[in-house]
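So the chains spell out like this:
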Amino acid sequence: MSHREINSASNQNITTVDEAVAKSIETAKEAIVSRASLPGHACYAVVGLPKSGKSFLVAALRGLAEKLGIEIVDSEEVFPETDASKPFEARALETEFRTMRRVEEILARGDSVLVDKGEFVPGDFRFHNERALGRLRYIAGAHGAEFVPLFVGTSPETAAKRFPRKKGLLAFFKERRLVEEFRETRRKLERFCASSGDGRS
């Protein structure tokens, strides 16, 4: 599938689901093209809530990244390489370690990288995001690369609705609590992006 076909298919699906993701794609493209025109290499990190559309963003950016020589590291592609006999949480941590190691190898060569680290441990996304993103920023700095966060602007309400839903009063209150947690997480992610670069939308 060509770059144009990927973008067309991705935007077609996203527009009907969440306009914020389509807007995030365009903002991310602008950020990447702008940074690619400058000397040096960069670490582009996809940032957003669980179920916010980060995988859509990566799919839409794949053609542009390949054209500019930016290597993509996707944790969802790394995860199957881990030992399936281990507990899920252990595989998640191993995936994060392997992801970071690949990023470091690419940056050490002086090449740019686009990273989607994903969230593998349910209920641990807040800590997972902050810790992993901090590590990515540190690794980028250690190799003289600019850290560029690419923020997916899906609302907490929309992201929460994308989780499996049950009926009943208890399920209603659980979803409301998840929305509140997502709002706090989004505030933290926005602060992180604001302190790291200008890749938000």
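Residues numbered from 1 in each chain as written. Predicted model: local features only at pLDDT ≥ 70, side-chain atom pairs only at ≥ 80, totals over all residues. Heavy atoms only, no water.

Draft legend 1. Main features of the overall build of the protein. Of regular secondary structure, the protein possesses eight helices and four strands. Shown N-terminal to C-terminal, the secondary structure of the protein runs as helices and strands in the order α-α-β-α-β-α-α-β-α-β-α-α. Residues counted as buried form 47% of the 201 residues belonging to the protein. Sequence separation of 24 or more characterises 75% of the internal contacts of the protein that already satisfy a separation of 6 or more. (Helix = DSSP H or I, 4+ residues; strand = E, 2+ residues; numbered from the N terminus. Buried < 20%, exposed > 50% of the residue type's maximum accessible area, 1.4 Å probe, protein only. Contact = heavy atoms within 4.5 Å.)

Draft legend 2. Main features of the pairing of strand β4 (residues 146–151). Counting buried positions over the six residues of β4 gives five, a clear majority of the element. Sheet analysis places strand β1 (residues 42–47) next to β4, joined by six bridges and oriented parallel. Bridged to Val 46 within β4 is Leu 150. (Pairing = 2+ DSSP bridges.)

Draft legend 3. Up close: the pattern of salt bridges. This structure, assessed with the given rule, holds 15 salt bridges. Between Arg 109 and Glu 71 there is a salt bridge, and its shortest N-O distance comes to 2.9 Å. Remark: Glu 71 occurs in strand β2 (residues 71–74) and Arg 109 occurs in the loop between α5 (88–108) and β3 (113–116); sequence separation between them is 38 residues. Note on Arg 109: relative accessible area 51%, which makes it exposed. For Glu 184, the salt bridge goes to Arg 187, with nearest N and O atoms at 2.9 Å. Here Glu 184 and its partner Arg 187 are both found in helix α8 (residues 169–196), three residues apart, which amounts to about one turn of the helix. Look at Glu 184 and you get partly exposed, because its relative accessible area is 29%. On the basis of relative accessible area, Arg 187 is assigned to the partly exposed category, the value being 41%. Linked through salt bridges whose partners overlap, the residues forming this network are Glu 81, Lys 86, Glu 94, Arg 98 and Arg 102. (Salt bridge = Lys/Arg side-chain N within 4 Å of Asp/Glu carboxyl O.)

Draft legend 4. The sheet that holds β3, seen in detail. Reading across the sheet, the four strands line up as β2-β3-β1-β4 and stay open at both edges, with parallel pairing between neighbours. Among the strands making up the open sheet, the edge pair consists of β2 and β4. The mean angle between the axes of side-by-side strands here comes to 20 degrees, regardless of whether they run parallel or antiparallel. Against the sheet, helix α2 (residues 19–36) touches β1 and β4, its axis set at about 165 degrees to β4. (Axes fitted to C-alpha atoms, helices over the stretch in contact; angles between N-to-C directions.)

Draft legend 5. Geometry of the nonpolar core. Residues Cys 43, Val 103, Leu 107, Val 113, Leu 133, Leu 136 and Phe 147 are the most contacted members of the largest nonpolar core, which totals 21 residues. Within the residue set of this core, elements represented by two or more residues are β1, α5, β3, α6 (125–142), β4 and α8. Looking at this core element by element, the count peaks at five residues for α6. Once residues within four sequence positions are removed from consideration, Leu 136 is found in contact with Cys 43, Ala 45, Met 100, Val 103, Val 115 and Phe 147. Counting 20 residues, the second largest nonpolar core, distinct from the first, contains Ile 25, Ala 31, Ala 65 and Ile 72. (Core = buried A, V, L, I, M, F, W, Y, C linked by side-chain atoms within 4.5 Å.)

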